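Observations on chain architecture
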Amino acid sequence: MKKALITGITGQDGSYLTELLISKGYVVHGIIRRSSLFNTQRIDHLYNNPALKDSLFLHYGDLTDSSNLNRILEKTEPDEIYNLGAQSHVKVSFEVPEYTADVDAIATLRFLDAIKDVGLVKKTRFYQASTSELFGKVQEIPQTENTPFYPRSPYAVAKQYAYWIVINYREAYNIFASNGILKMDLLPVFIYEISVGKPFYEHIGPAVDWYSAHVYYAECVPAL
Ligand SMILES: Nc1nc2c(ncn2[C@@H]2O[C@H](COP(=O)(O)OP(=O)(O)O[C@H]3O[C@H](CO)[C@@H](O)[C@H](O)[C@@H]3O)[C@@H](O)[C@H]2O)c(=O)[nH]1
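Residues numbered from 1 in each chain as written. Predicted model: local features only at pLDDT ≥ 70, side-chain atom pairs only at ≥ 80, totals over all residues. Heavy atoms only, no water.

Under the annotation held in an unreviewed UniProt entry, the protein carries the name GDP-mannose 4,6-dehydratase and is attributed to Intestinicryptomonas porci. You can read under Cofactor (unreviewed entry) in the UniProt record for the protein the words "NADP(+)". Heading Sequence similarities (unreviewed entry) of the UniProt record for the protein holds this comment: "Belongs to the NAD(P)-dependent epimerase/dehydratase family. GDP-mannose 4,6-dehydratase subfamily." (UniProt positions renumbered as here; feature names shortened; annotations may be inferred.)

As structure tokens, then:
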């Protein structure tokens, strides 16, 4: 039975992904921030379902806290990590640029380092939720995998750091790590393809006007 760890599990895409992975028989661990108000509405139907008591586990944690992320990785030893946690609001990122960089850029580094330090390089695959905002001031229409990035907000710049640190750690340490740049509504389809280790693009239908994603299977860890 595969174990997945999801950050941003209470967010839009995290909650869809949780449903999808549980339906595929995964055990899902999610990281949530402590709040005085409940903020788990999107996953309450799963978390409160007695039939799923052995399928979904929540851990308090914050993406700005390395020691906490390391402990969660040591405890859960996930087969797959889906890093969807983010300060995801583009306009707000101009008001909290430093926080946005911490959560959207440096937290990705924290996870990749934790995979290395905890000794999970051969076991754990890492998915980074990237964004079409990387194309920002678009350099060509439609965008392809070769279109240069031109991020136009602190949010997009932070996500671009995350994008490159994923590639860097894959090449430097052979971590199985992938970026997904996609239309939001396609996320579950895309994740499924990653999780079964198939090239996902064969499955994207003609209705999709563009997408780009990078999964360098040939360069990934022997887990393949
Ligand atoms: N544990 C933890 N969670 C955090 C932190 N900061 C933000 N989060 C969580 O991150 C989640 C972000 O969810 P949304 O704001 O709903 O984003 P989304 O629509 O799911 O989008 C995500 O995926 C997109 C690509 O599919 C990305 O483009 C987007 O940036 C984001 O990663 C929320 O549950 C929020 O509580 C933190 O420091 N710690």
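Still more to cover.
Pairing is possible between side chains that carry opposite charge, provided their charged atoms lie close to one another. The final tally for this structure, using the stated rule, is 6 salt bridges. Among the salt bridges present, the one from Lys53 reaches Asp54, with a minimum N-O distance of 3.3 Å. In this structure Lys53 comes out as exposed when scored by relative accessible area, which is 55%. The partner of Asp79 in a salt bridge is Lys123, and the shortest N-O contact between them spans 3.4 Å. One end of the pair, Asp79, is in the loop between helix 3 (66–76) and strand 4 (80–83); the other, Lys123, is in the loop between helix 5 (97–117) and strand 5 (125–129), and 44 residues separate them in sequence. Given a relative accessible area of 34%, Lys123 falls into the partly exposed group. (Salt bridge = Lys/Arg side-chain N within 4 Å of Asp/Glu carboxyl O. Buried < 20%, exposed > 50% of the residue type's maximum accessible area, 1.4 Å probe, protein only. Helix = DSSP H or I, 4+ residues; strand = E, 2+ residues; numbered from the N terminus.)

What follows concerns the site of the ligand. Around the ligand, the structure places 22 residues, and the nearest of them are Thr10, Asp13, Leu84, Ser88 and Tyr155. At 2.6 Å from an oxygen atom of the ligand is found a side-chain nitrogen or oxygen belonging to Ser88. If the ligand stood free it would expose 780 Å²; the protein chains cover 90% of that surface. (Near = heavy atom within 4 Å. Polar contact = N/O pair within 3.5 Å; in protein donor to acceptor, adjacent residues only side chain to side chain. Areas by Shrake-Rupley, 256 points an atom, 1.4 Å probe, with all protein chains shown as cover.)

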